[in-house]
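Summary of the model geometry
Chain by chain, the residues:
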Amino acid sequence: MIHTLQEHEGHKPGFDFLGFNIRQFKAGKYTSGKDSQKRILGFSTIITPSKESQKEHYTKITEVIDKHKAKPQAALIKNLNSIIRGWCNYFSIGCPTKVFYRMDYLLYWKLRRWAIELTPQQRRTLD
């Protein structure tokens, strides 16, 4: 048995399905979900990318960046764009804003490290 609102028998609330984490949170009068008769339910359902799918996405991005250490910046951008665009489109439903900000932060620092590690000769070709 899975509970999506509260912890039950040591199991955390919510469940993962197709890369999404589905969970309910207590909500107030104005943010609560409603049933078919418009009665307030007292909770709101939140759908976000699961932790596992976030790790997989970051791992895939890391692998692409590592493979492109000696290649031009344009090739790296081309490969990263398709991966990032596909992942963002798939997880655009629900409430992924915080996850997207976190992924953006991690990607920024990974790309910054990639740029710093370039040799001076490689940096001249980027300009």
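About the thresholds
- One numbering rule holds for all chains: residues counted from 1, following each sequence as written.
- Side-chain atom pairs in this predicted model are given and counted only at pLDDT of 80 or more, local residue features only at pLDDT of at least 70, and totals for whole chains, interfaces and linings cover all residues.
- No hydrogens and no water enter the side-chain calculation; it runs on all heavy atoms of the structure.
- Labels follow the DSSP assignment, with helices taken as runs of H or I lasting at least four residues and strands as runs of E lasting at least two, numbered in each case from the N terminus.
- In this analysis, the expected span of each helix is defined as 1.5 Å times one less than the number of residues it contains.
- Burial classification: accessible surface area is computed with a 1.4 Å probe over protein chains only, and a residue below 20% of its type maximum counts as buried, one above 50% as exposed, and the rest as partly exposed.
- Residue contacts follow a heavy-atom distance rule, with two residues in contact if any of their heavy atoms lie within 4.5 Å.
- What we call a nonpolar core is a set of buried Ala, Val, Leu, Ile, Met, Phe, Trp, Tyr and Cys residues that are connected through their side-chain atoms within 4.5 Å.
- In this analysis, axes come from line fits to C-alpha atoms, helices being fitted only over the stretch in contact, and the angle between any two N-to-C directions falls in the range 0 to 180 degrees.
- If an angle is under 35 degrees, it is roughly parallel; if it is over 145, roughly antiparallel; if it lies from 65 to 115, roughly perpendicular; otherwise it is oblique.
- By definition, any crossing whose near helix is turned counterclockwise from its far helix by less than a right angle is left-handed, and any crossing with a clockwise turn is right-handed.
- Note on scores: pLDDT gives the predictor's confidence for each residue, bounded by 0 and 100.
- At least two bridges found by DSSP between two strands are what make those strands a pair.
- As used in this structure description, the phrase polar contact means that two N or O atoms lie within 3.5 Å; if the pair is within protein, one of them must be able to donate a hydrogen and the other to accept it, and residues adjacent in sequence are counted only when both atoms belong to side chains.

Regarding helix α1 (residues 51-67)
- For α1, with 17 residues, the first-to-last C-alpha span of 24 Å sits near the 24 Å given by 1.5 Å per residue.
- For α1, the full list of buried residues reads S53, Q54, H57, I61, T62, V64 and I65.
- Close packing links the buried residues of α1 with β3 (43-49), α2 (73-90) and α3 (97-116).

Notes on the nonpolar core
- In this structure, I61, V64, I65, L76, L80, I83, L107, W114 and L118 together form the largest nonpolar core, which totals nine residues.
- Only α1, α2 and α3 provide two or more residues apiece to this core.
- Leaving out residues up to four positions away in the same chain, I83 has contacts with H57, K60, I61 and V64.
- Formed by five residues, the second largest nonpolar core is a distinct cluster that contains F20, F91, V99 and M103.

A short note on the packing of α1 against α3
- Where α1 meets α3, the axes come as close as 11 Å, and the angle between the chain directions of the two elements is 20°. By the criterion of interaxial angle, the relationship of α1 to α3 is roughly parallel. In this structure, α1 meets α3 at a crossing whose hand is right-handed. Residues Q54, H57, Y58, I61, T62, I65 and D66 of α1 lie in contact with α3, whose contacting residues are V99, R102, M103, L106, L107, K110, L111 and W114.

Quick look at the confidence of the model for the chain
- Across the chain, pLDDT averages 82, with 83% of residues at or above 70.
- Per-element confidence in the chain is highest for α1, whose mean pLDDT is 95, and lowest for helix α4 (residues 120-126), whose mean pLDDT is 61.

Points about the sheet that holds strand β2 (residues 20-26)
- Strand order in the open sheet made by the three strands is β1-β2-β3, with antiparallel pairing throughout. The outermost strands of the open sheet, each flanked by one partner alone, are β1 (15-17) and β3. Direction aside, neighbouring strands of the sheet carry axes that sit 30° apart on average.
- The pairing of β1 with β2 spans three bridges and is antiparallel. Counterpart to D16 in the pairing with β2 is N21.

Details of the side chain of H68
- Here H68 lies in the loop between α1 and α2.
- A polar atom in the side chain of H68 sits 2.6 Å from the side chain of N79.
- When sequence neighbours within four positions are dropped, the list of residues in contact with H68 reads A75, L76, N79 and W114.

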